[in-house]
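# Geometric and topological summary
The primary structure of each chain is shown beneath.
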Amino acid sequence: MSRDNTAPQPDGRVALLEQELQRQRQECRHAQQRLQILTDLIDRSPAVMFRWRIEPGVWPVDYVSDNVRQFGYTPDDFIAGRVSWPAITYPDDVSRLEAEVADYLARGVRQFHQEYRILTRAGEARWIDDHTVVVADDAGHPLHCEGVLIDITPRKEAEAELRRTHAQLETRVEERTAELSRANRALQESERHYRDLYNRTPVMLHSIDADGRLISVSDTWLAVLGYTREEVLGRKSTEFLTAASSRRAIDIELPRYFASGEAHEVPYQFVKKNGEIIDVLLSAIADRDAQGRITRTLAVLIDVTERKRAEEALRASEVRFRVIVEHAPDVIFEHDRALRYTWVANPVAPTTAEDILGKTDAELTTPEQAAFVMARKRQVLDTGIPVRFEVCLRIGEVDHWFDTVLEPTYDAQGQVCGVLGYGRDITERKQVEEALRTSEARFRALFERAAIGIALVDLEGHPFAINPTMVRLLGYPADELRCMTFRDFTHPDDVALDETLFQEMMANQRESYQIEKRYITKNGAIVWAQLATSLVRDEDGRPLFGVGMVSDITARKEAQARVAELLNTVEQRAAEMDATISAIADGVVIYGSDAAIHRINRAAEEILGYTPEVEALPSMERLERLQVTTAEDVRVTPAEYPYQRALRGETIQGSILAFTRADGQRRWISVSAAPICLAAGKCIGAVATFSDITPLRELQQRQEDLLYIVSHDLRTPITIIRGHIDLLEQELRKRGIDGELGVNTDTISRNVQRMNTMIQDLVDMARLEGQQFTLNLAVVELQRYLPDLLMRLRGILPVYRITIEIPEDLPPLRADYDRLERILLNLLTNAFKYSEVDTPVRVRASRQHDDIVIAISDRGRGIPPQDIPHLFERFYRASGDRKAEGIGLGLYITRLLVEAHGGRIQVESEVGKGSTFTFTLPMA
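Residues numbered from 1 in each chain as written. Predicted model: local features only at pLDDT ≥ 70, side-chain atom pairs only at ≥ 80, totals over all residues. Heavy atoms only, no water.

## Observations regarding the sheet that holds strand β20 (residues 543-552)
Sheets are built from strands that pair by backbone hydrogen bonding, the pairs being arranged parallel or antiparallel. As a reminder of what qualifies: Should DSSP find at least two bridges between two strands, the strands are taken to pair. Think of it this way: any DSSP run of H or I at least four residues long counts as a helix, any run of E at least two long counts as a strand, and we number them from the N terminus. A fitted line through C-alpha atoms serves as each axis, taken over the contacting stretch for helices, and the angle formed by two N-to-C directions is quoted from 0 to 180°. Here a residue-residue contact requires only that any non-hydrogen atoms of the pair lie within 4.5 Å.
Spatially, the 5 strands line up as an open sheet ordered β17-β16-β20-β19-β18, and their pairing is antiparallel. Edge positions in the sheet fall to β17 (463-466) and β18 (512-520), since each has one partner strand and no second. Strand-to-strand twist across the sheet, computed as the mean angle between neighbouring axes with direction ignored, equals 30°. Bridge analysis of strand β16 (residues 453-457) against β17 gives 3 bridges, and the strand direction is antiparallel. In the strand pairing of β17, V457 is matched with P463. Along the sheet face, helix α16 (residues 492-506) touches β18, β19 (526-537) and β20 and points at about 155° away from the line of β18.

## What about the packing of aromatic side chains?
Inclusion rule: Note on aromatic pairs: the rings of Phe, Tyr and Trp (six-membered ring only in Trp) are paired at centre separations within 6.5 Å, and the planes decide the class, stacked below 30 degrees, edge-to-face beyond 60, tilted for the rest. Think of it in three bands: with a 1.4 Å probe and only protein chains considered, a residue is buried below 20% of the maximum accessible area for its type, exposed above 50%, and partly exposed in between. We count a charge as sitting over a ring when the NZ of a lysine or the CZ of an arginine lies within 6 Å of the ring centre and within 35 degrees of the ring normal.
Applying the stated criterion to the full structure yields 17 aromatic pairs. Taking 4.3 Å as the distance between ring centres and 25° as the angle between the ring planes, the aromatic pair formed by Y104 and F112 counts as stacked. The pair Y104 / F112 is uniform in exposure class, with both members buried. An aromatic cluster is built from F50, W52, Y73, F78 and W85, whose rings are joined through pairwise contacts. It is R376 that lies over the ring of F389; its NZ or CZ is 5.9 Å from the centre. Against the face of W401 rests K430, its NZ or CZ located 4.5 Å from the ring centre.

## A short note on the sheet that holds strand β14 (residues 398-410)
The 5 strands are arranged β12-β11-β15-β14-β13 in an open sheet whose pairing can be described as antiparallel. Looking at the sheet topology across the chains shown, the edges are occupied by β12 (341-345) and β13 (387-395). Taking each pair of neighbouring strands and ignoring which way they run, the sheet shows an average axis angle of 25°. Taken together, the 4 bridges between strand β11 (residues 330-335) and β12 define a ladder with antiparallel strand orientation. The residue of β12 that forms the bridge with I332 is A345. Helix α12 (residues 367-383) contacts β11, β12, β13, β14 and β15 (416-425) of the sheet and is inclined by roughly 150° relative to β13.

## Thoughts on the nonpolar core
Condition: The set of buried Ala, Val, Leu, Ile, Met, Phe, Trp, Tyr and Cys residues whose side-chain atoms join them within 4.5 Å is what this entry labels a nonpolar core.
With 41 residues, the main nonpolar core has L782, L813, L820, L824, I854 and F919 as its most contacted residues. Those elements that provide at least two residues to this core are α24 (782-792), β29 (813-816), α25 (817-833), β30 (841-848), β31 (851-857), α26 (890-900), β32 (905-910) and β33 (914-922). Examining the composition of this core, we find that 7 residues originate from one element, α25, more than from any other. The contacts of L824, once residues within four sequence positions are left out, are Y785, L786, L789, I854, I856 and F919.

## A word on α24
Short version of the rule: The directions from the helix axis to the C-beta atoms are what the arc is built from.
All of the buried residues in α24 are L782, Y785, L786, L789 and L790. The buried side chains of α24 occupy one side of the element, clustering within an arc of 125° when seen end-on. Exposed and oriented more than 90 degrees from the buried face of α24 are R784 and M791. On its buried face, α24 sits against β27 (777-780), β28 (802-805), β29, α25, β30 and β31.

## Examining the packing of α24 against α25
Counted only if it meets this: Should an angle fall under 35 degrees it is called roughly parallel, over 145 degrees roughly antiparallel, and 65 to 115 degrees roughly perpendicular, with every other angle called oblique. In this scheme the handedness of a crossing depends on how the near helix is turned from the far one: anticlockwise by less than a right angle means left-handed, clockwise means right-handed. For this classification, the nonpolar set comprises Ala, Val, Leu, Ile, Met, Phe, Trp, Tyr, Cys and Pro, the charged set comprises Asp, Glu, Lys and Arg, and every other residue, Gly included, is treated as polar.
Running from N to C, α24 and α25 point in directions that differ by 65°, and their axes come no closer than 12 Å. Classed by the angle they form, the pair α24 and α25 counts as roughly perpendicular. For the pair α24 and α25, the crossing hand works out as right-handed. Listed contacts from α25 to Y785, L786, L789 and R792 of α24 are Y817, L820, E821 and L824. In terms of residue class, the contact of α24 with α25 is made up of 6 nonpolar, no polar and 2 charged.

## Let's talk about the side chain of T916
Definition in use: By the criterion applied in these results, polar contacts are pairs of N or O atoms within 3.5 Å in which, for protein atoms, one can donate a hydrogen and the other can accept it, and in which residues neighboring in sequence qualify only through two side-chain atoms.
Within the secondary structure, T916 is located in strand β33. Reaching out from T916, the side chain makes a polar contact with the side chain of S857 at a distance of 2.9 Å. For T916, the contacting residues outside a window of four places in its chain are R844, A855, I856, S857, Q906, V907 and E908.

## Let's talk about the confidence of the model for the protein chain
Reading predicted coordinates in detail is not appropriate for stretches of low pLDDT. Quick reminder of the rule: A residue's pLDDT is the confidence the predictor assigns to it, expressed on a 0 to 100 scale.
Averaged over all residues, the pLDDT of the protein chain equals 82, while 85% of them reach at least 70. In the model of the protein chain, helix α6 (residues 180-200) stands out as the element of lowest mean pLDDT, 56, in contrast to β31, which has the highest, 96. Within the model, the stretch residues 1-8 combines pLDDT values under 50 with 1 contact to residues more than four positions away or in other chains.

See the structure below:
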């Protein structure tokens, strides 16, 4: 029989046992390391882990984490029985906690949480958030409780502000093993205990591998997020974050964690299975292999959603508080014990909080007022009793009355440490009270001195208080009136109405009434009066007496009769005016303030081509249809149309416009418009007149054409004559022939020039009268313009005789350069023509309001008084004017040019002493 060589030899079995023992020791060390990691994580957490047996009234502690020291106790204090949990529970909370726990156990509740107070070893009361899990045996009988205690005192004290709290698990596993079997049992017990604590802990726990995938999650993690383990294990933890949190974790937090191996209170947002988002703080620690590589991570997640909401609520509450304080009608302030202002809200202008803080009332108001106020504030500091009083304080230069309330403030030890005050500005109320007292005096004076009659009557109509005006109105003495009723001095025809209305007022059918009625005075005269009557009632609405106010309207009644007569006259005049407008050959349109047509005569309808339908259109649409242009063919905007300008207060005279009617006819019109204003100056409309000048325009065009032809045809032979004269003079000079022939040629040249000037004057006159020219306005500085003009006139006029007087600060004017030169040349030529040789001609300029005044003076023989009114008329020649040349258009054209600039011209002259021509131009 052969021997089985495969059976292990004794030495081989020992080796196998040693290997197995080595493996189990290695596993034990790994388990101890994990337990140590968990213990370290729990010990760094503010959350206290506990386990106690279910024995009501005693609750002996089997285990408590080391961080119970934060309350001044050690774990041994509880485990050894030196301190019991009921003994450190706040006395007022013991019975409630016992009752709640008894109720939970009776109902089979296996997980619950409570909030209560405990006393630290120093005697300080701290609020605790207790999350408890009830552990039962296989039969379901409760054995012990275990869970987490979190100090929530800051949240309680801040009334909604939560401080970050951490609930970290803590466990402690005694490591006692002497031999392999005991180590195995301890390891198994430790692992089971770890799994139980890990799964049943009331905070969220999860573990991830080196790739970030979930390898374990606690029951609380699943319960909070709403998943099952099968749905989450193997998935990356970042899949359960919001998009923003996931990016932050991948890009920032995870690289930082894998570099350090630790993470503390990192804020994330997790998404529950139902889509709800919660806020958590994640703390994590890494488990490394022998080479230092992170193999797995244990993370504790604290749900801070409620705290975040509380923080947001706190911020909102702070905003609301700030808004309430800032918009409160009261001045709110605080003092320290030295009565210095430490905080103030809503100070009374012009002072600001910066002006007040750090100061006392003695530095802010008068000594007397400060002494009064500070005495009451010291009273509050000394007694701790609030006070209320009214005080007048000087703020700036104004006294303000305040209804003031002072209350004590307390420090942590309950000692009065300052004063909180509220001051409501009652200055207006004080003023009203004073005004009320003044008003009562005024009412009494008003009653006695009122210009209208006032009577207080009882419910039977007997006057019991009558003012002097009422006495004078009726002519009865006051004592006699008190024995009468209002019926006795009312006209019989007016008694019934007055009686009826008074009874309706008594029956509460009306509050008051006003009527016009007649009174019969003591001497029998009839007086018309306006009566206003009302009742005075008590708090229950019962009538007490009546108040009658009587105004003498006899004069008004007589005036109304006269107004009726005037109204008939006005209606007659309106009819006459309406007939006049209809009969006028020119178009007349009256516009309302909204530019709507109120009245249009037949002539205007014919000129404008309006139909009733067009007249009803809005103003802008009517104008767009006409396509209105100026004489220069520039489109007129609706806002610049004459009646629109008149509605803005302007007056327009003879504005020349062209438009196209609806039937295609092109018409020229002269439009004048003016505003219609009330006596107070308010513009209520406008009136516009339209003259059809189309035939005149056509005539002017033909005149212009004829004028052009005449001026052209006349100038052609003149030009030929002038050319031949020049040739003749040249030939005479070549032959040396002068004398009488030279004089004759000069005479011909002067008369040719004279004829050319007369033709130009005729052309200019026609264009000026027909407004067929435009001004090229520019800014002109006379200080430079006049010297330059004289330089150019040296060969034409004896400019050496001209003196110029212009102030250096004379403002510039606005004029057409060429037209201004024509004005000055005409006046200077006129001055030289009618003055003696070598006598001076003076040119002066000055400012008058918004105009520049230019005066040209000579020392000639002057102008007779009878000629001055006609001097600027066309073709006018002064009497006795033998020397004058031309056809009498120079001064006429000069006047037209000045008026075209918006100026005016006049002359002052004295025979034998000279003349002064003065004209104005607008300042630039």
